[in-house]
Amino acid sequence: MATAVLGMQWGDEGKGKIVHLLARDADIVVRFNGGTNAGHTLIDRGVKFGTHLIPAGAFYPRTVSVLAGGMVIDLSVLREEFEAISDHLGSRPRLFIADNAHLVLPYHRIIERIGGTGRLIGTTGQGIGPAYRDKAARVGIRAGDLLEPDLLIERIDRRLSLLRLTYPDSAEIAEMTGNGLAESLLADAEPFLSSIGDAPRFVSDGLSAGKEVLFEGAQGALLDLDYGTYPYVTSSSTTFSGLRSAVGIPTAEVAERIGVVKGYSTRVGAGPFPTELTDEVGALLRDRGGEYGVTTGRSRRCGWIDLVALRYAGELNDPSAIALTKLDVLTGFEELKVCVAYRLDGRTVERFPRSAAELDRSVPVYQSLPGWEESIAGARTFDDLPVEARNYVELIEEGCGAPAGLISVGPAPEETIVRL
Ligand code: IMP
């Protein structure tokens, strides 16, 4: 059976904890988009990890973790994460790397720094946009190229000669050579070279053999390159359609789709965010929720939950259940607000606007709910929650059109209400 875990907001929904929890029962865990821009926080046997690339399956010795074709991989970071998890486990994680996954090379970060769009959008500076641009321009370097070192050097040299024409003033690019870059890529890739291959075949063979496959999404629906708040988006497909194109399996195979929804909204970087709170309530959410980027350390913008945006994310991902995260962060608020519609140009709208400019002009219409005072960290069943928390969860379930199969009431794996 296959299960997908997908972000329903602007990323940082707490997917790390959820995939880590579900990966326990998986034979194969497949990450299908993004690169080191993602930061998944999880606690494994009491040790806190902030991973960027390696799928959560790496924490379970019997599970194979696949880095699929929709990803862009920075091998030096992968190597670091691989070694840190190997030390933690006392054995090496089992990885499978798609031969058609693209690699992030050192020049991608340089281009992002000097190119300018990074500042406009507030990107993570990880070379993500330039790596996906190379993929679309058909000048990218792929994991499979590592298996043919002579061709690898030739391809990097060809790319460098074009880059020197585009960025004639960059001393860093001028100094790079195909030989030098290939050598460091191959050194970083050394533990993985025998694990590079046909990932779609590996996954579909696994499914045919009855294996449990878990798909791990990165970022969230509203950052999707095609369906997000363009241009304030990432460069990959973060929704269910991204999973399909990265892994190429029929929709019917993924029966369970878990949309991860944080109990409030956050966004990092630039772009419209109707429910943003720039007052002390926003600051309180940030402090209590520890809303600082895993990748960049930046403060996240915080605000109330937005059902207009979540309904839209629900249309994109069609979740069979949601995982509601960080509900405990809302303890102690006298009043909780839920955005149920927008006022846009004198009208009340319930559909998420198509353009970032319209979204920017949208003013939230809120429904208020009473909060709760008592700690919910010990709740293990829905009925353990105070009635105010149950009402809040039910309103979100209604908005997303899916039941809350998981409710997270603390960072540790056991601090979860499981109703799947
Ligand atoms: P990029 O993915 O680094 O190109 O950044 C594009 C936009 O997506 C920026 O606003 C980033 O802050 C945002 N972004 C990218 N990855 C994540 C993530 O994992 N969580 C939250 N925001 C992200």
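Residues numbered from 1 in each chain as written. Predicted model: local features only at pLDDT ≥ 70, side-chain atom pairs only at ≥ 80, totals over all residues. Heavy atoms only, no water.

## Concerning the nonpolar core
- Grouped together as the largest cluster of nonpolar side chains are 76 residues, with contacts concentrated most on I73, L78, Y107, I156 and F215.
- With 6 residues, helix α2 (residues 75-89) is the single largest residue contributor to this core.
- Setting aside residues up to four positions removed in sequence, Y107 forms contacts with D134, I141, I156, R159, L160, L163, M176 and L181.
- Judged by nonpolar contacts, the second largest core, of 37 residues, contains L285, I322, L327 and W372. (Core = buried A, V, L, I, M, F, W, Y, C linked by side-chain atoms within 4.5 Å. Buried < 20%, exposed > 50% of the residue type's maximum accessible area, 1.4 Å probe, protein only. Helix = DSSP H or I, 4+ residues; strand = E, 2+ residues; numbered from the N terminus. Contact = heavy atoms within 4.5 Å.)

## Section: the environment of L223
- Take L223: it is sitting in the loop between β10 (213-220) and α10 (240-247).
- The class of L223 is buried, set by a relative accessible area of 13%.
- Along the backbone, L223 and M8 are 215 residues apart, and their C-alpha atoms lie at a distance of 9.4 Å.
- When near neighbours in sequence (up to four residues on either side) are disregarded, L223 contacts Q9, W10, G11, G228, Y232, V233, T234, S236, T238 and R267.

## With respect to the pattern of salt bridges
- A complete count under the given rule lists 19 salt bridges for this structure.
- Between K15 and E13 there is a salt bridge; the shortest N-O distance is 2.6 Å.
- E13 gets classed as buried once you look at its relative accessible area, which sits at 0%.
- A salt bridge links R79 to E190, with the shortest nitrogen-to-oxygen separation between them at 4.0 Å. A residue pair is termed long-range when its members are at least 10 positions apart, and R79 in helix α2 and E190 in the loop between α8 (178-189) and β9 (196-197) qualify at 111 residues.
- Salt bridges here are not isolated pairs; linked through shared partners, they connect D12, K262, E291, R300 and K326. (Salt bridge = Lys/Arg side-chain N within 4 Å of Asp/Glu carboxyl O.)

## What about the sheet that holds strand β15 (residues 321-325)?
- If you walk across this open sheet you meet the 10 strands as β9-β7-β5-β2-β10-β1-β11-β15-β19-β20, and the pairing is mixed. Every interior strand has two partners, whereas the edge strands, β9 and β20 (416-418), have only one.
- In this structure, strand β19 (residues 404-408) lies alongside β20, joined through 3 bridges in antiparallel fashion. What sits directly across from L406, in β20, is V418. (Pairing = 2+ DSSP bridges.)

## Examining the environment of A357
- By secondary structure assignment, the location of A357 is in helix α13 (residues 356-361).
- Placed 76 residues apart in sequence, A357 and V281 show a C-alpha to C-alpha distance of 26 Å.

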